[in-house]
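# Coordinate inspection notes
Now for the letters of each chain:
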Amino acid sequence: MFDMKRMTLILVVLMMLVLSTTAAQDSDELMGEVPGYATWADVLAAVKGTTVNWHMWGGSDKINSDVDNDIGARVQELYGITLNRVPLVDTADVVNKILDESAAGVTTGSVDLIWINGENFRTLKDASLLYGPWSEAIPNAKFVNWADPSLAFDFGTPVEGYESPWGHAQFVMEYNTALVGDAPPKTFEDLTAWVEANPGLFTYPAIPDFTGSVFLRHVFYWAAGGPEPFLGPFDQAVFDQYAPKVWEYLNALEPNLWRAGETYPEASALTDLLANQEVAFNMGYGPGNAASSILEGKYPETIRTFVFDTGTISNNNFVTIPFNAPNPAGAMVIANFMLGEEFQLKMSDPALWGWLSPISPTMYSSDFQAAVAAFERHPATLSTEELAAGALPEPPSAWVTAMEQGWVENVLQK
Amino acid sequence: MTTVVLRDLTRRFGNVTAVDRLNLEIASGELVAFLGPSGCGKTTTLRMITGLLLPISGDVLFDGKSMITVPTEKRGAVMVFQKHLLFPTMNVGQNVGFGLRMQGVEKKEMNRRVSEILELVKLPGFENRRAHELSGGQQQRVALARALVVRPKVLLLDEPLANLDANLRLEMRELIRSIQREMGISSVFVTHDQEEAVMLADRIALMFDGVLQQYDVPQAFYQKPLSTRVAHFFRNDNALAGTRRGDVVETALGTLRVDAARVQQPDGQVLVTVRPEDVRLNPEAGSPNCIQAKVLLVVYMGTHTQLQLDVGGHTWLVHSDADFQARVGETIPIELPASRLWLLPAN
Amino acid sequence: MQKIIRWIVLISLVVVALAPILPQFVWSFSHRWLFPSLLPSEWSLEPWEYAFSTSSRVGEAFISSMAIGIVVSLLSIIVGLPASRALALYDFRGKSVIEWLLMVPIIVPGIVATMGIHQVFIRLRLTDTFIGVCLVHLIPCIPYMVLVMSSVFANYGTDLEDTARTLGAGPVSVFRYVTLPGILPGLLVSTMFTFLISWGQYITTVLIGGGSIITLPMVLFPFIAGTNYSNAASISLIFVAPAILVLIFTSRQLGRESAVMGGFGKL
């Protein structure tokens, strides 16, 4: 059964490869789908001397500088595009702006590109407030394995050409070897045992916090023996089948959590708690976060990462273009640049960005593959193979909402 | 030297008529007091003279010229307020020189006139003092100097003495009187204190509820009040109902002779009145205008004795010599001298 | 003796005022500062280097925040001064309604008001423009200006202005020589608070300015939300610098003996 699935997957990938190579030979034809531009040459001709307003979360000086240097400076050199990076506290701010503009009938807004995924993407796509479809038509889309469910779906919402991936994220657990030792609890049974033996040193962020929510999803996957039951449309019967085991597990954990489970921290606070050695574990979507935090001085040197034996959830960072973007051509050129070999190499380099790539290295040149193979990994970062082996998909948002509500009713208020 | 005429001056605030068809004339160089209880319209009238407030109808004339369309700053009617006397951001010299500066008087001339007027208000050399360093009385004098230095056509003072203690008030009263005489400026001051009005003013305009009651020299308010209300305001509540026939008035207590040349009420229903200090006690037997009164109360006041008498059912106040003896309940004869009798309209 | 007490009071005031800034200062030079260390174990100039780099956009954000703050302050004076005078000194129909409406932007969270305003501004083509951002900042700024200034005007009264009128001063001279000098301390203080309110606006600027206008809070707040304390510290020190200058100036003004400043007692 499982082999059958894998076979189908491989077949689809092969078909996509064939399709994308033919597409690469004649990308001009595919551009016909993209509103306003007949060929990629038209797109390139339209961008020289223009500005692209990229609205993105601005809370990391490293990402801010890296985007300016590795994307902004390069697209200026290559295409004459000026990148105006607009820092945001919350991506929802710009989503609201687009909604307001649409309600007021603004056909030419000011936002060209948004770093987005999940709920924010769904909001804009459901309201038909996105430009496109375009992401499968840009030249470097040929590198993207569109058959991969984590690229074809963004939290269950079909991408359908309305956003383009540029970075990959996978959930990892961070732990302090000074408190945990070298063998962290990699199953939920072991985690319970460890927490009972070491009360007060573990907790997870209060839901509906983004990070707390993904931890909860892992508990559901564990309870069901895998993600499969939650990948289709929401089903109350399925939910009711597994939820009691989840609540039982988390409620049993509660008395031995940090502050006896009377309160749950926010994600940013949990990061501080780990840094200050008040707890032994943190968690999040950045496999390279532990390494870069150690290098930045935010973490002690003794922090390492692990993934559960049953795997961890992964998703992708996308960029999208709103329906009223003044410069969609410039935005597409930047999205295309970010899928190119040059940028993906910098992004994969632990010494530079230290992110995961959404593209398989085999899609790029042999030089690329050699360079990636030669990267020196920080001891706090897991290998790409270790991560990829256990990558699990995200469920559709309806499941996420039900799980979050259930946690509040059955764990928090118990 | 300016005459001021107010003609049918009327002002309403919402439904309240603050000043109702006011007519009066202020002669050149005259000092007039606007007198009345608070809210009677006297300050409103003052503001209408300055132009800070416009009347709903009527006219203000300076030397026969209508001022209605002339803005405040061009009227030459300077007002001294009761509170917030001096500009806090200026020193005394700048305060006093303000009006001259507005007229564009050159600096040297301005300084000369400022120091001259400061001498006049007995504050020589105070130019560089700050306003808040001065006492209340000094501030009052600086404010007065600031008004006088521009040689206004009309000087308007709103309760100029209200915030001063008794000694300062006396001093200030004399200062205002003497300077006003000396400079011959037509002036109006507002007061609710009848003694102040009597002592300072050439003429008094008494107002109740926005209506002018009587406009006359101070003595008239004592000797010839036009109504019981006016008499009451000047502390005379003595009255006896009667009927005038020529030079006699028939009352329940007998027939009283009056000076027909003095009294102004026509024959018919009247009220007879005599000021408390004009009633004679212990009249010689057979004197005219003698009536019987019952003693209700005797109060020794030091300089005199005050009696409360029942006169034909009315309660009268009478002042007697300090050593006058009377018992409460006793009936005594009193004389109402014909030369002092005054007749008020009945109601 | 009295001098010593004065110095003690002064020093403790400075300490109380600056105490919250001190950790920021240390953070801004720290590379590794983990609990329970009292001081960072590794120091670094990186947060400051980043703050002054073009990538941080702090420089351009500082200039636009400053320009917006100045324009907003001037507009607040132009609109707020006559309004506060009218509210303080005159009775008119609907006065209490206006007073109530003025309180609304202070009570209602900015985002609620701004979402509605955004639509209006879009229709008026004011979004993504400098003047649009200035206008939206007026919404939280004007109530403060009017509340403070109407209290100042009420305290100052009209007697002095009327006196000046009767002494021959026209309306312009009255304002220049009597009204303005009298209300100036209050006006300076309220103008500076207005400036600071504009200086601290985030969500209004994001919605109306939408990325065309980058202000200091837009650069700073993502770091605070992202718990990037070192970078947040260096930029927030740049952010609070004008506020501290204003505070020092204001306390000097408030300290002066001035009848007009008594109006602040009512607030």
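Residues numbered from 1 in each chain as written. Chains lettered and ligands numbered in written order. Predicted model: local features only at pLDDT ≥ 70, side-chain atom pairs only at ≥ 80, totals over all residues. Heavy atoms only, no water.

## Side note on the domain arrangement of chain A
All names here are of chain A. Each assigned domain of chain A is listed with its residue range as follows: domain 1 (13-167 + 315-388) and domain 2 (172-313 + 392-412). Centre-to-centre separation of domain 1 and domain 2, based on C-alpha positions: 29 Å. The interface is formed by 15 residues belonging to domain 1 together with 20 residues belonging to domain 2. For the side of domain 1 that touches domain 2, the secondary-structure elements that each account for two or more residues are α6 (119-126) and α17 (384-389). The residue makeup of the side of domain 1 that touches domain 2, split by class, is six nonpolar, five polar and four charged. (Domains from an automatic or database assignment. Contact = heavy atoms within 4.5 Å. Helix = DSSP H or I, 4+ residues; strand = E, 2+ residues; numbered from the N terminus. Nonpolar A, V, L, I, M, F, W, Y, C, P; charged D, E, K, R; others polar.)

## Notes on the interface of chain C and chain A
Quite often, the size of an interface is put as the accessible area lost when its parts meet. With 33 residues of chain C at the contact, the number on the chain A side is 36 residues. Roughly 2900 Å² is buried in total at the junction of chain C and chain A, and carbon and sulfur atoms are behind 50% of that figure. Inspection of the region where chain C meets chain A yields one salt bridge. Close ionic contact of Lys97(A) with Asp128(C) constitutes a salt bridge, the shortest N to O distance being 3.1 Å. Our count for the contact surface shared by chain C and chain A stands at 14 residue pairs in polar contact (both at pLDDT 80 or more). Listing elements by their share of the side of chain C that touches chain A, those giving two or more residues are β1 (30-32), α6 (110-123), α10 (203-209), α11 (216-225) and α12 (229-255) of chain C. With six residues, α11(C) is the largest single contributor of residues to the side of chain C that touches chain A. Taken together, the residues of the side of chain C that touches chain A break down into 18 nonpolar, 11 polar and four charged. (Buried area = accessible area lost by both parts, 1.4 Å probe. Salt bridge = Lys/Arg side-chain N within 4 Å of Asp/Glu carboxyl O. Polar contact = N/O pair within 3.5 Å; in protein donor to acceptor, adjacent residues only side chain to side chain.)

## Topic: the side chain of Ser55(C)
Following the sequence through the fold, Ser55(C) ends up in the loop between α3 (46-51) and α4 (58-89). Within the structure, the side chain of Ser55(C) is placed 2.4 Å from the side chain of Asp68(A), a separation counted as a polar contact. Look past the residues within four positions of Ser55(C) in its chain and what remains in contact with it is Asn64(A), Ser65(A), Asp68(A), Arg85(A) and Tyr50(C).

## Points about the interface of chain C and chain B
Counting residues at the interface gives 19 residues for chain C and 25 residues for chain B. Summing the contributions of chain C and of chain B, the shared interface buries around 1900 Å²; its carbon and sulfur component is 65%. If you look at where chain C meets chain B, you find two salt bridges. For Asp162(C), the salt bridge goes to Arg47(B), with nearest N and O atoms at 2.7 Å. The interface formed by chain C and chain B holds three residue pairs in polar contact (both at pLDDT 80 or more) in total. Elements represented by at least two residues in the side of chain C that touches chain B include exactly α7 (130-156), α8 (159-166) and α9 (171-199) of chain C. Considering each element in turn, the side of chain C that touches chain B owes the most residues, seven residues, to α8(C). Here the residues of the side of chain C that touches chain B sort into nine nonpolar, seven polar and three charged.

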